[in-house]
Amino acid sequence: MENKIREAMCHLDADLVQEAAQPVAQKKHKFRTLLVAACLTALCIVGVAAASGGLLVQFYHNGNLPDHIAAEKVDAYYNVAGNDKVTPDGFSEELLALAAEQGPGSKVYPFETLEEMEIFLGYTFPENAILRDARPVSVKMTDQNNEVIHDSPGSVLLHNDKEGRLAVVKADYYCQTQSGKRVFLTAAAATVNSPSGSVGSMGVDYEGGEVLQQKAEIYLTASGRECTIVSTQNSLTEGWDVYSWIEQDGFVLSLSLDGHDESVARAEMKQILDAFR
């Protein structure tokens, strides 16, 4: 993912936006992470939906985008909603204190290690030897004025609703496995203050390219977890972006990696998923 990850926006509905963050641009492929505050149950599904493990994963490409996303000018779009919402008291005292201080809107907090993020969240990622042994990879995050917010492997975004109540928590972590594969790990949870079960959406802009095809699969991991895997091929490199989503304790875990050969990239994704214990 080294030359592909560009998170062009971290935002909510227009009236809820407080600030946006994005990694420094790299080549011609950017990710836009969209935390959607509006209720998504009324969406007209013109793409494809896959349900697994209590999750509803909706994915679209090219012109078949929901109306509220069409203006974002993205080539692929993914939305994930879970059945479970978490109570704010499940998070750490530090996280809750910072959320209370920041008021309505969103703010990003940087972290150097996965362990530090777990302490801050009050949430323990499922044990995964591949990810635990992976090397953290720093990514510069800039605001809308291109000023650096932080340069670190991990970050946690806290979003509060208009009343200043914690609604969505989203943690991002970039790393490189022992085999050399770059992996992007996300853990997101919607609280009882969130108007929907959505834990966020992602739009991908290939900047001149388009989606050639998408493939989806419901996969049962070695430990018995059911998850959704979606592979998306782009016209710029004819390479594949492979995503997976899995749910645990109200959090939706997302993994993404890329590769030129879809079968190889999908096999690498399954190897990481099977390492969850």
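Rules of the game
Residues numbered from 1 in each chain as written. Predicted model: local features only at pLDDT ≥ 70, side-chain atom pairs only at ≥ 80, totals over all residues. Heavy atoms only, no water. Phe/Tyr/Trp six-rings, centres within 6.5 Å; stacked < 30°, edge-to-face > 60°. Buried < 20%, exposed > 50% of the residue type's maximum accessible area, 1.4 Å probe, protein only. Helix = DSSP H or I, 4+ residues; strand = E, 2+ residues; numbered from the N terminus. Arc of directions from axis to C-beta. Contact = heavy atoms within 4.5 Å. Expected span 1.5 Å × (residues − 1). Core = buried A, V, L, I, M, F, W, Y, C linked by side-chain atoms within 4.5 Å. pLDDT = per-residue confidence, 0-100. Pairing = 2+ DSSP bridges. Salt bridge = Lys/Arg side-chain N within 4 Å of Asp/Glu carboxyl O.

(A) Spotlight on the packing of aromatic side chains. Under the definition given, this model contains 10 aromatic pairs. Centre to centre, the rings of F111 and F120 are 4.9 Å apart; their planes meet at 40 degrees, and the pair counts as tilted. Neither residue differs from the other here; F111 and F120 are each classed as buried. Look at Y123 and F251: their rings are 3.9 Å apart centre to centre, the planes differ by 20 degrees, and that puts the pair in the stacked class. Taken together, the residues span a long stretch of sequence, with Y123 in the loop between helix 3 (114-121) and helix 4 (129-132) and F251 in strand 18 (residues 251-259) at a distance of 128 residues. The same class applies to Y123 and to F251, which are both buried. An aromatic cluster of at least three residues, connected via ring pairs, comprises F91, Y123, F125 and F251.

(B) Looking closely at helix 3. Listing the buried residues of helix 3 in full gives L114, M117, E118, F120 and L121. What you see down the axis of helix 3 is that its buried residues fit within an arc of 165 degrees, all on one side. Buried residues along helix 3 sit in contact with helix 2 (93-102), strand 7 (105-111), helix 4, strand 11 (154-160), strand 12 (166-176) and strand 13 (182-190). At the exit of helix 3 stands G122, carrying a positive phi of roughly 80 degrees.

(C) Representation of helix 5 (residues 262-274) in the model. The terminal C-alpha atoms of helix 5 lie 18 Å apart, and with 13 residues this matches the ideal 18 Å at 1.5 Å per residue to within 8%. Listed in full, the buried residues belonging to helix 5 are E262, A265, R266, M269, K270, I272 and L273. Buried residues of helix 5, viewed axially, fall in a sector of 160 degrees; they line one side.

(D) Structural view of the nonpolar core. Core analysis: the biggest nonpolar cluster contains 39 residues, and V156, L158 and L255 have the highest contact counts within it. The element contributing the most residues to this core is strand 12, with 5 residues. Sequence-distant contacts of V156, that is, excluding residues within four places in its chain, are made with K107, V108, Y109, F111, M117, F120, L121, V169, K170 and A171. In this structure, V57, A188, W245 and V252 belong to the second largest nonpolar core, which totals 17 residues.

(E) How the structure looks around the side chain of N128. Relative to the elements of secondary structure, N128 occurs in the loop between helix 3 and helix 4. Ignoring any residue separated from it by four or fewer positions in sequence, one finds N128 in contact with I272, A275 and F276.

(F) Broad picture of the confidence of the model for the protein. Taken residue by residue, the protein gives an average pLDDT of 78. The fraction at 70 or more is 77%. Residue range residues 1-28 is modelled with pLDDT below 50. Its contacts to residues more than four positions away, or to other chains, number 108 contacts. Predicted confidence is poor over residues 35-47, with pLDDT under 50, and the contacts of this stretch with residues over four places away or in other chains come to 37 contacts.

(G) Examining the pairing of strand 12 more closely. Most of strand 12 sits inside the fold, with 11 of its 11 residues counted as buried. As paired strands, strand 8 (residues 135-136) and strand 12 are joined by 2 bridges and run antiparallel to one another. Looking at the pairing, P136 lines up with C175 of strand 12. Taken together, the 7 bridges between strand 11 and strand 12 define a ladder with antiparallel strand orientation. Bridge assignment links N160 to a residue of strand 12, and that residue is L166. Between strand 11 and the antiparallel strand that follows it, strand 12, lie 5 residues; G164 among them carries a positive phi value of about 85 degrees. Bridge count for strand 12 against strand 13 is 9 bridges, and the pairing is antiparallel. Looking at the pairing, Y173 lines up with L185 of strand 13.

(H) Broad picture of the pattern of salt bridges. Going through the model one piece at a time under the given rule, you end up with 11 salt bridges. Taking the shortest distance from any N to any O, the salt bridge between D161 and R165 comes out at 2.8 Å. You can call D161 buried: its relative accessible area is 10%. Taking the shortest distance from any N to any O, the salt bridge between E262 and R266 comes out at 2.6 Å. Separated by 4 residues within a single helix, E262 and R266 lie in helix 5, roughly one turn from each other. The exposure class assigned to E262 is buried, which follows from its relative accessible area of 11%.

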